[in-house]
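# Structural characterization, general
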Amino acid sequence: MNVIENQQLWFDTALSYRARVEKDSFGDMISHIYDNISVLGLEITDSIVVTVCEEVREPKRTILGVEFIVPVNKQFESNCHYVFKPHFKLENAVLLKYCGKASELPETRKKLREYALEKHYSPLTNVYFSIKQISGDDVVANAYLGVDGNTL
């Protein structure tokens, strides 16, 4: 596992969308956002960022509560579905590059958290996945975990 420390992820003007999706449909949801953002009169300006806020396991499926943060080209008015974020800034993060199945991204969270704990870092944020490329369920992403850099 090749982890890079002292990384940052930030951009201005983003759309935030929270949803619940089945784990096996995770990649389809990201593709749907890429394919349909223009309906809102917006253009994506950078990689979509996703964080998993909750995970509910049932006998035959897993439901993920996720937040999609989409960097867009202009401001818009928030509504009951989409929230405008003027800034997104994650600093002092550890980064893990991921290439594999989108449905397996949640397991990458565990690996990154374990790394942080082994290094005696205190995780301060969720793991944020910056989606670099997606094709079906295959994805290339950077996983970021914000950590406390203090050594006491």
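The structure under discussion appears in the preceding block.
So, here's what we can say about the structure. (Residues numbered from 1 in each chain as written. Predicted model: local features only at pLDDT ≥ 70, side-chain atom pairs only at ≥ 80, totals over all residues. Heavy atoms only, no water.)

## A short note on the overall build of the chain
Along the backbone of the chain there are two helices and six strands. In the chain, the succession of helices and strands from N to C terminus is β-α-β-β-β-α-β-β. Its C-alpha radius of gyration of 15 Å places the chain within 12% of the 15 Å reference for a compact globule of 152 residues. Expressed along its principal axes, the backbone C-alpha trace of the chain runs to roughly 50 × 40 × 25 Å. (Helix = DSSP H or I, 4+ residues; strand = E, 2+ residues; numbered from the N terminus. Rg over C-alpha atoms; globule rule 2.2 N^0.38 Å.)

## A word on the sheet that holds strand β3 (residues 62–71)
The sheet built from six strands closes into a barrel, its strands ordered β1-β3-β2-β5-β6-β4 with antiparallel pairing. Here the average twist between neighbouring strands, direction ignored, is 50°. Inspection of the sheet shows strand β4 (residues 83–101) paired to strand β6 (residues 138–148) by nine bridges, in the antiparallel sense. Bridge pairing in β6 links Cys-99 to Val-140. Docked against the sheet, helix α2 (residues 105–118) engages β1 (3–22), β2 (49–57), β3, β4, β5 (122–135) and β6, running at close to 140° with respect to β5. (Pairing = 2+ DSSP bridges. Axes fitted to C-alpha atoms, helices over the stretch in contact; angles between N-to-C directions. Contact = heavy atoms within 4.5 Å.)

## What to know about the environment of Asn-6
With respect to the helices and strands, Asn-6 occurs in strand β1. Remark: the alpha-carbon pair of Asn-6 and Glu-67, spanning 61 residues in sequence, is separated by 24 Å. Leave out the neighbours within four places in its chain, and Asn-6 touches Asn-92 and Ala-93.

## Thoughts on the environment of Ser-122
Its location among the elements puts Ser-122 in strand β5. Look at Ser-122 and you get partly exposed, because its relative accessible area is 39%. Along the backbone, Ser-122 and Cys-53 are 69 residues apart, and their C-alpha atoms lie at a distance of 18 Å. (Buried < 20%, exposed > 50% of the residue type's maximum accessible area, 1.4 Å probe, protein only.)

## Some thoughts on the nonpolar core
Grouped together as the largest cluster of nonpolar side chains are 38 residues, with contacts concentrated most on Phe-26 and Ile-131. When residues of this core are traced back to their parent elements, those giving at least two are β1, α1 (26–36), β2, β3, β4, α2, β5 and β6. Among the elements that line this core, the one with the most residues is β6, at five residues. (Core = buried A, V, L, I, M, F, W, Y, C linked by side-chain atoms within 4.5 Å.)

## Re α1
Along α1, the residues that are buried comprise Phe-26, Gly-27, Met-29, Ile-30 and Ile-33. The arc that holds every buried residue of α1, seen down its axis, measures 165°, which confines them to one face. Looking at the buried side of α1, the elements it contacts are β1, β2, β3, α2 and β5. (Arc of directions from axis to C-beta.)

## Notes on the pairing of β1
In this structure, β1 lies alongside β4, joined through ten bridges in antiparallel fashion. Paired with Trp-10 across the bridge in β4 is Lys-89. Sheet topology places β1 next to β3; nine bridges connect them, and they run antiparallel. The residue bridging Arg-18 from the neighbouring strand is Glu-67, located in β3.

## Quick word on α2
For the α-helix, the turn length of 3.6 residues means that residues three or four positions removed from each other point alike. Over its 14 residues, α2 extends 21 Å from the first C-alpha to the last, a length consistent with the 20 Å expected when each residue adds 1.5 Å. Those residues of α2 that sit buried are Leu-105, Pro-106, Thr-108, Arg-109, Leu-112, Tyr-115 and Ala-116. Along the axis of α2, the buried residues cluster in a sector spanning 160°; they form a single face. α2 presents Lys-110, Leu-117 and Glu-118 as exposed residues on the side facing more than 90 degrees away from its buried surface. The first or second residue beyond α2 is His-120, which carries a positive phi of 65°. (Expected span 1.5 Å × (residues − 1).)

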